[in-house]
Amino acid sequence: ELGPAYASQSFKNLSLDDVLEVLITEQALDMEPPSLSLEPRQVARRQAKTKLQSRSRIRVPYSQGSTSTKEEIVNRLPVLKDAAHYREARRLLKEVLGGVEILRAELCWALFVDDETNQLVGANNVGVDNIFAQIASGTMRQNEAEQVFLGPFRSKFKVCKNRPDCDANWDSEDPKWVGNSSMSQRHRFLTTRDLHFQWFNALIFGMVDRRMDGVSVKEALEEVIQMKQAALYFASKAPGWSSDVGLYFHVFGHNNVNSLHMHIVDLQATGPSFVKNQYKNCPVDAVIKVLQEESEEEEQRLLTEIVEASSRISVEVVKVARSYLWSDDPAMSVSTRDFLNNDTMVVNVGGEKMVFSKDCFSLAAQGSMLRKIGDMDDATCTMFDNEGFCFFDFPVRAFSAIMDHLAFISCAPKNVVVPPPKLAWELQNQVRHLAWLLGVGPLMFQSQWGRSKVRPKLSRPTPMSTSKWSFWSLPFCRRRFPTPPKPDPEAPMAANTSYQSAASRA
């Protein structure tokens, strides 16, 4: 008893008797081996297959009996009509199906792509029919009258039209035409004049390697945006078109022609084929969205790689420079010191890198530890971190407080008094002990004149603090009182005597 499945598959059920009949006939006629009677197209395909098999060693995990990338994409993505589907198709090709190289090998084997030039093949001596590549290359002349409606885009793109019978049956509901005829009363195709195989389908936009003259994702995105602009410009200039225009790609797997063509459809006059093909009409805006995402990811990845490479180079340069700086070779050491001679210095204190002006170190007395650190003395700088900077195991906050105060003194004008810093109670002992160790105790805990090289703008010494003490009460200042004015010889003697007695009493 036969079921409905037998009837539905009868179109491909080949009986064993028919197979035996053909084999018996061939044996009786003693037919020549197929290799001696191959057509030129078959010979070229066999040569391409042999050549490409020697290059490709990637095993692709096809499923459901698929033997090609095209069949596998259709099996895994039976519907491909939005950004999510398009994104997944590109991911499958890159991560699962072997990448662009496998797809290119299949196209070369099928003679759609020239293996030597990476160009799409149109009409040629082996019988390959690739209509949009033929139109783009000029082998076939079609729809020349409408090229003028592309305006400034006509040098880069071409507008193609469907077969006359497909256009005539755009609204036919006959199963023969539904899905095969034009999708609208006004339906055109936009193709590119660039025949490089990277433009054969939207699936591989921006995925071809630079070594094969491929473009980046960002450049591919710009190309698709130009295609959209050209198509909309055409629809706005061509007579009879409405402003409601749909732009679609048929992504590889669901395409019928292996050369680029973007569908331009007037949505005000769609037919049954438009509804039939909705499962594979991928809008151009969905393609642009995915390419924008990938372009941003590519830029971020390149930026990260540049930063990491720069960091690695900087680390290596510093290591080499530091190794030369403390080299035993005097000539090499001097040249490196001159190379690194600048106004700042980087040190690693307790695991934190700090940058200080060399003027801060020069405030310390000769022979003190801080002065030796500033001079990069070999006896003081004995430990280095992974990047070649001097390492000192000092308390970070205490060292920062000391260097901040020295920077304050270094920046203050020469006629300004800088008082000792006010420290938090938990830092006072650490700062006092570390200042003693570094040899900068007096600089920290006694008032100091500013050391700035900038010309002072103040007319008289002025303390920087707003507290009650003043310049006249500094412990190192000998003149606690103003110098008495000289006696006026013309003034009465009694006034001079009283002034002197008051001064002696004081």
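Because the structure is predicted, anything quoted here is derived from the model rather than measured.

Peer 1: I tried to follow the overall build of the protein chain on my own but got confused; where do I start?
Peer 2: Of regular secondary structure, the protein chain possesses 18 helices and 11 strands. Here the protein chain holds 506 residues, and 39% of them are scored as buried. Excluding contacts between residues fewer than 6 apart, the proportion of contacts in the protein chain whose partners are at least 24 apart in sequence is 66%. By element, 54% of the accessible surface of the protein chain is carried by carbon and sulfur atoms, the whole surface being about 30000 Å².

Peer 1: Quick question: what am I supposed to make of the sheet that holds strand 5 (residues 282–283) here?
Peer 2: Whenever strands of a sheet pair, they do so through backbone hydrogen bonds, lying parallel or antiparallel. With respect to topology, five strands assemble into an open sheet ordered 1-2-4-3-5, the strand pairing being antiparallel. The sheet is open, and its two edges are formed by strand 1 (157–161) and strand 5, each paired on a single side. Here strand 2 (residues 187–192) runs beside strand 4 (residues 262–266); their pairing, made up of four bridges, is antiparallel. What sits directly across from phenylalanine 189, in strand 4, is histidine 263. Against the sheet, helix 9 (residues 217–237) makes contact with strand 1, strand 2, strand 3 (245–249) and strand 4, and its axis sits at roughly 145° relative to strand 3, the strand it touches most.

Peer 1: Before we go on, may I ask you to explain the environment of aspartate 285 in this structure?
Peer 2: With respect to the helices and strands, aspartate 285 occurs in helix 11 (residues 284–325). Exposure remark for aspartate 285: the relative accessible area of 44% places this residue in the partly exposed category. Engagement of the side chain of aspartate 285 in a polar contact is seen with the side chain of lysine 228, the distance being 2.7 Å.

Peer 1: Before we go on, may I ask you to explain the sheet that holds strand 8 (residues 391–392) in this structure?
Peer 2: Taking strand neighbours across the sheet as the criterion, the three strands line up as 7-6-8 in an open arrangement whose pairing is mixed. Of all the strands in the sheet, just strand 7 (352–357) and strand 8 have a single pairing partner and so form its edges. Pairing analysis gives six bridges linking strand 6 (residues 344–349) to strand 7, with the strands arranged antiparallel. Residue pairing for strand 7: threonine 344 is matched across the bridge by serine 357. Each of strand 6 and strand 7 is contacted by helix 15 (residues 396–411), which is oriented at about 10° to strand 7, the strand it contacts most.

Peer 1: Before we go on, may I ask you to explain the packing of aromatic side chains in this structure?
Peer 2: Centre distance and the angle of the planes are the two values used to describe a pair of aromatic rings. Counted by the stated rule, this structure contains 12 aromatic pairs. Ring geometry for phenylalanine 149 against phenylalanine 234: centres 6.3 Å apart, planes inclined by 65°, an arrangement best described as edge-to-face. Here phenylalanine 234 lies in helix 9 and phenylalanine 149 lies in the loop between helix 7 (131–137) and strand 1, a separation of 85 residues in the sequence. The class of phenylalanine 149 is partly exposed, set by a relative accessible area of 23%. Ring centres 5.8 Å apart and planes at 70° place the aromatic pair phenylalanine 356 and phenylalanine 399 in the edge-to-face group. A residue pair is termed long-range when its members are at least 10 positions apart, and phenylalanine 356 in strand 7 and phenylalanine 399 in helix 15 qualify at 43 residues. An identical accessibility class is assigned to phenylalanine 356 and phenylalanine 399; each is buried. Aromatic rings pair up to connect Phe356, Phe361, Phe392, Phe394 and Phe399 into one cluster.

Peer 1: I tried to follow the side chain of serine 259 on my own but got confused; where do I start?
Peer 2: Turning to its location among the elements, serine 259 is positioned in the loop between strand 3 and strand 4. Judged by relative accessible area, which is 2%, serine 259 ranks as buried. Within the structure, the side chain of serine 259 is placed 2.9 Å from the side chain of asparagine 130, a separation counted as a polar contact. At 3.4 Å, the side chain of serine 259 and the backbone nitrogen of alanine 133 are in polar contact. Beyond its immediate stretch of four places on either side in the chain, serine 259 contacts Leu120, Asn130, Phe132, Ala133 and Phe200.

Peer 1: Sorry if this is basic, but what is going on with the environment of glycine 206 here?
Peer 2: Here glycine 206 shows up in the loop between strand 2 and helix 9. Put simply, glycine 206 and glutamate 219 are 13 residues apart on the chain and 7.3 Å apart in space, counted from C-alpha to C-alpha.

Peer 1: Mind showing me how you'd approach the pairing of strand 3 here?
Peer 2: The side chains of a regular strand alternate, residue by residue, between the two faces of the sheet. Across the five residues that make up strand 3, a large majority, five, are buried. Residues of strand 3 alternate between two faces, with Val245, Leu247 and Phe249 on one and Gly246 and Tyr248 on the opposite face, all of them buried. As paired elements, strand 3 and strand 4 share four bridges and run antiparallel to each other. Within strand 4, the position partnered with glycine 246 by the bridge is valine 265. Summarising the sheet, strand 3 and strand 5 pair through two bridges and their orientation is antiparallel.

Rules of the game
- Numbering of residues begins from 1 in every chain and follows the order in which that chain's sequence is written.
- In keeping with the predicted nature of the model, local features appear solely for residues at pLDDT of at least 70, side-chain atom pairs appear and are counted solely at 80 or more, and the whole-chain, interface and lining totals rest on all residues.
- Excluded from the side-chain calculations are hydrogens and water; all other atoms, namely the structure's heavy atoms, are used.
- Put simply, DSSP H or I for four residues or longer makes a helix, DSSP E for two residues or longer makes a strand, and each gets a number counted from the N terminus.
- When accessible area is computed with a 1.4 Å probe and restricted to protein chains, residues below 20% of their type maximum are described as buried, those above 50% as exposed, and intermediate ones as partly exposed.
- Here a residue-residue contact requires only that any non-hydrogen atoms of the pair lie within 4.5 Å.
- The Shrake-Rupley method, run with a 1.4 Å probe, gives the accessible areas here. Residue values count only the displayed protein chains as cover.
- When DSSP finds two or more bridges between a pair of strands, those strands are recorded as paired.
- Angles here are taken between N-to-C directions and fall from 0 to 180 degrees, while the axes themselves are lines fitted to C-alpha atoms, restricted in helices to the stretch in contact.
- Distance and chemistry together define a polar contact, namely a pair of N or O atoms within 3.5 Å, with one atom able to donate a hydrogen and the other to accept it when in protein, and with adjacent residues in sequence counting only for side-chain atoms on both sides.
- Aromatic rings from Phe, Tyr and Trp, with only the six-membered ring used for Trp, were paired whenever their centres fell within 6.5 Å, and each pair was classed as stacked if the ring planes differed by under 30 degrees, edge-to-face if by over 60, and tilted otherwise.

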